[in-house]
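Each chain is listed here by its residues.
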Amino acid sequence: MRQSPEAGGRTPSSEINLAIHSPNWAGQMPANRSNNVSGEENHRGQTMRAAICQEFGQPFEITEVELAPPGPGEVRARVRAVAICHSDVIFADGGWGGDLPAVYGHEAAGVVTEVGAGVTDFVPGDHVVITLVRNCGTCMCCERNMRGSCETRFPLDARSPLCLPGGGAIKHGLKTAAFAEEVVVEQSQMVKIDADIGFDVASLLACGVITGYGAVTNTAALPPGRDVVVIGTGGVGLNAVQAAALTGSKRVIAVDLSADKLAAAKEFGATHVIDGATTDVVKAVRELTGGRGADYVFVTVGAVVAMKQSYAMLAPGGASVLVGMASADARSTFNPLALSDDSRRILGSKMGHCNIRTEIPQLIGLYRAGKLKLDELITARYGFDEINTAMDNVRAGVGLRNVIIFGEPQ
Ligand SMILES: [Zn+2]
Ligand SMILES: [Zn+2]
């Protein structure tokens, strides 16, 4: 696994290392542990179908695998809907490395089927949102509202619940492996929801919505009346747009390369849109803001060019909030004098710094009140057997969120 310079010491220059080697939800193994579930850790669980990545950049293979029963503190659920996130595509294409074969998928909703020892928050039949945010709630990161960086190691960090029928190891990708009919996850990765919420819209809350929305409300703690720019208005960025609009921003300026996504941004509350393919984005933002620049820029894509644009369009005291995950070898530069002289800031935002147990119910409340758009985020629904088509559409940037639906139509 690639390591960032920061793993061995500070990066001594103006270069920001945006590559946190691999996101910690890659499921790195502790030293001298391995993901190999063969041998004594082999298990004979229930058989189900999963979409396995055997080789980076190649289509998934849907095949029978074994899923271990939930251990203490763990829960098994039948997946009813799983949205495809760009992180799934980056992993499947090898951008963050990791072991193979693997099952990815981390933005899911389903029904609890079995609980492990000590689980009291869930019972079979509960409808749940299933996320990759495995967290203890009490470590230093959790206490500081950085549950996505939780420092506690769980049994599932060292032992994949998945294996091939012959006993070969399968990586529990993104700590969830929801491109499968069933999952076993740690109980902190689930949030109970009301049974009348559609599984398709509920799945979006597991990653795309909280990542975009939380970047605004938590990471930036955006005050009202500010000039906000959102670069990238797909399934994450539109949630930053609607959060900024709901906060009462002065202007919400959406930037994208796609006319369709800019049209969607207007529906989600953008006051202005900029086509980044044909426009000098930095100049356009300065013109729209009377020359001042933006108070907050949310970069929801992993492209380095967008990050550089964000630093250049900040008003004095403004903050660039990096939400999108770059590939592991990406590097970005900035002018340090502009930061110190104008008190500009660059903030990292992982998973919107959300406490899923409290904030997902709040978001559902906003959805019920008609203030949060979720249905409009779903561009297309696919059967499980169509997952490779759905992945290709995400790769091609088609649509906002593409969702795999299991079982009966919803
Ligand atoms: Zn995601
Ligand atoms: Zn923790």
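Below: a short report on this structure. Sequence positions are assigned chain by chain, starting from 1 and proceeding in written order. All chains are assigned letters beginning at A, and all ligands numbers beginning at 1, according to the order in which they are written. Per-residue local features of the predicted model are confined to residues with pLDDT of at least 70, and side-chain atom pairs are confined, for both listing and counting, to 80 or more; whole-chain, interface and lining totals are unaffected and use all residues. Side-chain measures here rest on the full set of heavy atoms in the structure, leaving out hydrogens and waters.

What about helix 5 (residues 208-219)?
Working step 1: With ten of twelve residues buried, helix 5 is to be regarded as a mostly interior element.
Working step 2: Under the scheme applied here, a residue whose accessible area is under 20% of the maximum for its type counts as buried, over 50% as exposed, and between as partly exposed, the area being computed with a 1.4 Å probe on protein chains only. Where helices and strands are cited, they refer to DSSP runs of H or I of at least four residues and of E of at least two residues respectively, numbered from the N terminus. Of the positions making up helix 5, those classed as buried are Gly208, Val209, Ile210, Thr211, Gly212, Tyr213, Gly214, Ala215, Val216 and Thr219.
Working step 3: Following helix 5 by one or two positions, Ala221 adopts a phi angle in the positive range, close to 45°.

A few points about the coordination of the zinc ion (ligand 2)
Working step 1: Cys136 (SG), Cys139 (SG), Cys142 (SG) and Cys150 (SG) make up the full set of protein donors to the zinc ion (ligand 2), lying at 2.3 to 2.4 Å.
Working step 2: Here the coordinating atoms are restricted to nitrogen, oxygen and sulfur within 2.8 Å of the metal centre, or 3.2 Å for Na, K and Ca, and because water is not among them the sites may look incomplete. Just to be clear on the cut-offs, tetrahedral is four donors with all angles between 85 and 135 degrees, square planar is four donors and octahedral six with opposite donors over 155 degrees apart and all others between 65 and 115, and anything else goes down as irregular. Here the zinc ion (ligand 2) binds four donor atoms, and the angle range of 105 to 116° at the metal identifies the geometry as tetrahedral.
Working step 3: Binding-site remark: the zinc ion (ligand 2) is held by donors from one chain whose sequence spacing is C-x2-C-x2-C-x7-C.

Remarks on the coordination of the zinc ion (ligand 1)
Working step 1: The protein atoms donating to the zinc ion (ligand 1) are Cys85 (SG), His106 (NE2) and Cys207 (SG), with metal-donor distances spanning 2.0 to 2.3 Å.
Working step 2: Mapping the donors of the zinc ion (ligand 1) onto the primary sequence gives the spacing C-x20-H-x100-C. Of this pair, Cys85 sits in the loop between strand 3 (74-84) and helix 1 (86-92) while His106 is found in the loop between strand 4 (102-103) and strand 5 (107-115), placing the two residues 21 residues apart along the sequence.
Working step 3: Under the relative-accessibility criterion, His106 is labelled buried at 1%.

Describing the sheet that holds strand 11 (residues 227-231)
Working step 1: Pairing is parallel across the open sheet formed by six strands, whose spatial order is 13-12-11-14-15-16. Looking along the sheet, the strands with just one partner apiece sit at the ends: strand 13 (272-275) and strand 16 (345-348). If you compare each strand with its neighbour and ignore which way they point, the axes differ by 20° on average.
Working step 2: Along the sheet, helix 8 (residues 281-288) contacts strand 11, strand 12 (251-256), strand 13, strand 14 (294-299) and strand 15 (314-322); its crossing angle with strand 13, the most-contacted strand, is approximately 160°.
Working step 3: Contacts are assigned to residue pairs with any non-hydrogen atoms lying within 4.5 Å of each other. Lines fitted to C-alpha atoms define the axes, with helix axes restricted to the stretch in contact, and inter-axis angles between N-to-C directions lie between 0 and 180 degrees. Together, strand 11, strand 14, strand 15 and strand 16 form the strand contacts of helix 9 (residues 304-312), whose direction differs from that of strand 15 by roughly 155°. In this scheme, strands are said to pair when DSSP sees at least two bridges between them.

Some remarks on the packing of aromatic side chains
Working step 1: Only Phe, Tyr and Trp rings are paired, with Trp represented by its six-membered ring, and only when their centres lie within 6.5 Å; those with planes under 30 degrees apart are stacked, over 60 edge-to-face, the remainder tilted. Inspection of every chain in the model, using the stated rule, returns seven aromatic pairs.
Working step 2: With centroids separated by 5.0 Å and ring planes inclined at 75°, the aromatic side chains of Phe91 and Trp96 adopt a geometry described as edge-to-face. Taken individually, Phe91 and Trp96 each receive the classification buried, so the pair is uniform in this respect.
Working step 3: With a centroid separation of 6.3 Å and 15° between ring planes, the pair formed by Tyr296 and Phe298 is classed as stacked. Of the two residues, Tyr296 and Phe298, neither departs from the other in class, the shared state being buried.
Working step 4: Three or more aromatic residues joined by ring pairs form one cluster here, namely Phe60, Phe91, Trp96, Tyr104 and Phe179.

Some words on the side chain of Thr300
Working step 1: In this structure, Thr300 sits in the loop between strand 14 and helix 9.
Working step 2: The buried category is assigned to Thr300, whose relative accessible area is 13%.
Working step 3: In the analysis that follows, any N or O atom pair within 3.5 Å is treated as a polar contact, provided that within protein one partner can donate a hydrogen and the other can accept it, and provided that, for residues neighboring in sequence, both atoms belong to side chains. A distance of 2.9 Å separates the side chain of Thr300 from the backbone oxygen of Ile231, its partner in a polar contact.
Working step 4: There is a polar contact of 2.7 Å between the side chain of Thr300 and the backbone oxygen of Gly232.
Working step 5: If near-sequence neighbours (up to four positions away) are discounted, Thr300 is found in contact with Val230, Ile231, Gly232, Val236, Gly237, Val323 and Gly324.

From the geometry alone we can't say anything about function, so treat these as descriptive.
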